[in-house]
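The primary structure of each chain is shown beneath.
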Amino acid sequence: MSHDLSHILNHLGEDRELYFNAVSPPIIQTSNFVLPSIDALREAMQDELRHHLYSRGNNPTVEILRKKLAALEHTEDALVFSSGAGAMTSAVVSLIEQGDHVICVRNPYSWTKHLLTQFLPRFGVTATFVDGTSMEAIEQAIRPETKVLFLESPNSMTFELQDLSACAELARRHGIFTCIDNTYSSPLYQNPADFGIDLVLHTGTKYLNGHSDVVAGVICGSHALIRRIFNRVYMVWGPLLGPSDAALMIRGLRTLPLRLSRSDSSARILVERLKNHPAVEGVLYPGDDDFPQAELAKKQMRGAGGLFSILLRERDRRALCSFAESLERFLIAVSWGGHESLVMPMAAFYDMPGKPDPDHPINLVRFYIGLEDPDLLWEDIRKGLDKLYQR
Ligand SMILES: *Cc1c(COP(=O)(O)O)cnc(C)c1O
């Protein structure tokens, strides 16, 4: 059968005859596997990625998830991790040697930035952060020792895009590996491997699991690169996802298209209304026709999902925090991609004792639109905005 989306999410990798014809795959809760002979043991030791020898390397429940994720991202193979941060770190570390250089887009996810500015410099690896909307800026940052170009398109706060095929082409010419954090789009709305990107990374914590009850990470890529990550990092650091969490993720994936299209259509309704409210200065959403890179978004993305930011006219920290607190249908929280709508005002991170102010403006408020009724969500935001405007 062809690997269409319905087949991938509902059936691919699930060999039901192996487990009593159960519809739902079993959670193979085991650390260890028995081998029938010494020859079989020797064979499994040769290739732990393919055989069932020990669950730090491979586990049948986790393997079902890996097959689905690889198919979703149009790649040959995938590995899953105990967190998105673990996936990002493992990808970069597997590609570099001491003294190498990494180019990364400005304002990546906070712990990706920490990896490149705090962790890797201890091992002689340096990083340059560039404006990813400019191919010239990326090209100018290339050095003889540059080994990785790390993209996040769009990022999860201000949503700048990179031209994926131009980046892949430039990197290939210079012998540089390309990685992308594809969490914002999920595999449903963007497949970077189709544009020539080498490694496609996700946190499974957001849309892929989608129910705010698992922390997980994903790397999708060629057989050769996945094997390289497995041998160089995965088996050494042991950042595996356990079979119980893998089973929850398989369950979450069943409804990925339904959840994502609901979040996407609700976000579009809210963005339109927000743009017309006098308390709002601007809206940042790659799915909006007024988005600065709307053309590029249309070229490489099929949708935008539920995450966007607004810029308010208000600049007062307390007023901005009170606005967020006044919302009754939005939870104040980090993360996103679950069933529940969230709000995160940048103002919350200003004037923190002993910490520099954030790089993002104080009047930026990030919203995540979950699965609730968009009209009720709008009524809630509108009340808060009216109050701000009347101040
Ligand atoms: C949440 C997030 C991560 C980190 O994933 P964890 O599963 O929390 O480790 C990485 N990138 C982006 C864009 C994220 O939103």
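Our subject is the structure that appears above.
Everything quoted here is computed from the prediction, not taken from an experiment. (Residues numbered from 1 in each chain as written. Predicted model: local features only at pLDDT ≥ 70, side-chain atom pairs only at ≥ 80, totals over all residues. Heavy atoms only, no water.)

Before going further, it helps to examine the nonpolar core. By size, the foremost hydrophobic cluster in this structure holds 93 residues, and its most contacted members are Leu69, Leu274, Phe308 and Phe367. Apart from residues no more than four positions distant in its own chain, leucine 274 is found in contact with Val280, Val283, Phe308, Ile310, Trp378, Ile381 and Leu385. Core analysis: the next-biggest nonpolar cluster, separate from the first, contains 27 residues, Leu79, Leu116, Ile219 and Ile229 among them. (Core = buried A, V, L, I, M, F, W, Y, C linked by side-chain atoms within 4.5 Å. Buried < 20%, exposed > 50% of the residue type's maximum accessible area, 1.4 Å probe, protein only. Contact = heavy atoms within 4.5 Å.)

A few words now on the site of the ligand. Lining the immediate surroundings of the ligand are 15 residues, of which Gly84, Ala85, Asp181, Thr205 and Lys206 lie closest. With respect to the ligand, the backbone of glycine 84 contributes an N or O atom lying 2.8 Å from an oxygen atom. At a separation of 2.6 Å, an oxygen atom of the ligand approaches a polar side-chain atom of lysine 206. Here the ligand loses 90% of its free accessible area of 380 Å² to cover by the protein chains. Sort the elements by how many residues they give to the shell around the ligand and helix α4 (residues 84–95) lands first, with three residues. (Near = heavy atom within 4 Å. Polar contact = N/O pair within 3.5 Å; in protein donor to acceptor, adjacent residues only side chain to side chain. Areas by Shrake-Rupley, 256 points an atom, 1.4 Å probe, with all protein chains shown as cover. Helix = DSSP H or I, 4+ residues; strand = E, 2+ residues; numbered from the N terminus.)

Taking strand neighbours across the sheet as the criterion, the seven strands line up as β1-β7-β6-β5-β4-β2-β3 in an open arrangement whose pairing is mixed. Two strands in the sheet have a free side with no partner beyond their single neighbour: β1 (77–81) and β3 (126–130). For this sheet the average axis-to-axis angle between neighbouring strands, irrespective of direction, equals 20°. Where strand β6 (residues 199–203) lies against strand β7 (residues 217–221), four bridges are found, and the strand directions are antiparallel. Each bridged residue has a counterpart across the sheet, and for threonine 203 the counterpart in β7 is glycine 217. On top of the sheet, helix α3 (residues 60–72) reaches β1 and β7; it is set at about 125° to β1, its chief contact. (Pairing = 2+ DSSP bridges. Axes fitted to C-alpha atoms, helices over the stretch in contact; angles between N-to-C directions.)

This part covers the sheet that holds strand β10 (residues 331–332). Here five strands make up an open sheet; going across it, the order is β8-β9-β12-β11-β10 and the pairing mixed. The open sheet terminates on both sides in strands that have one partner only, identified here as β8 (280–284) and β10. Examined bridge by bridge, strand β11 (residues 342–345) and strand β12 (residues 364–368) share four bridges and lie antiparallel to one another. Counterpart to leucine 342 in the pairing with β12 is tyrosine 368. Packed onto the sheet, helix α11 (residues 256–275) meets β8, β9 (307–312) and β12 and runs at close to 10° relative to β9. The strands touched by helix α13 (residues 317–326) are β9, β10, β11 and β12; relative to β11, the strand with the most contacts, the crossing angle is about 175°.

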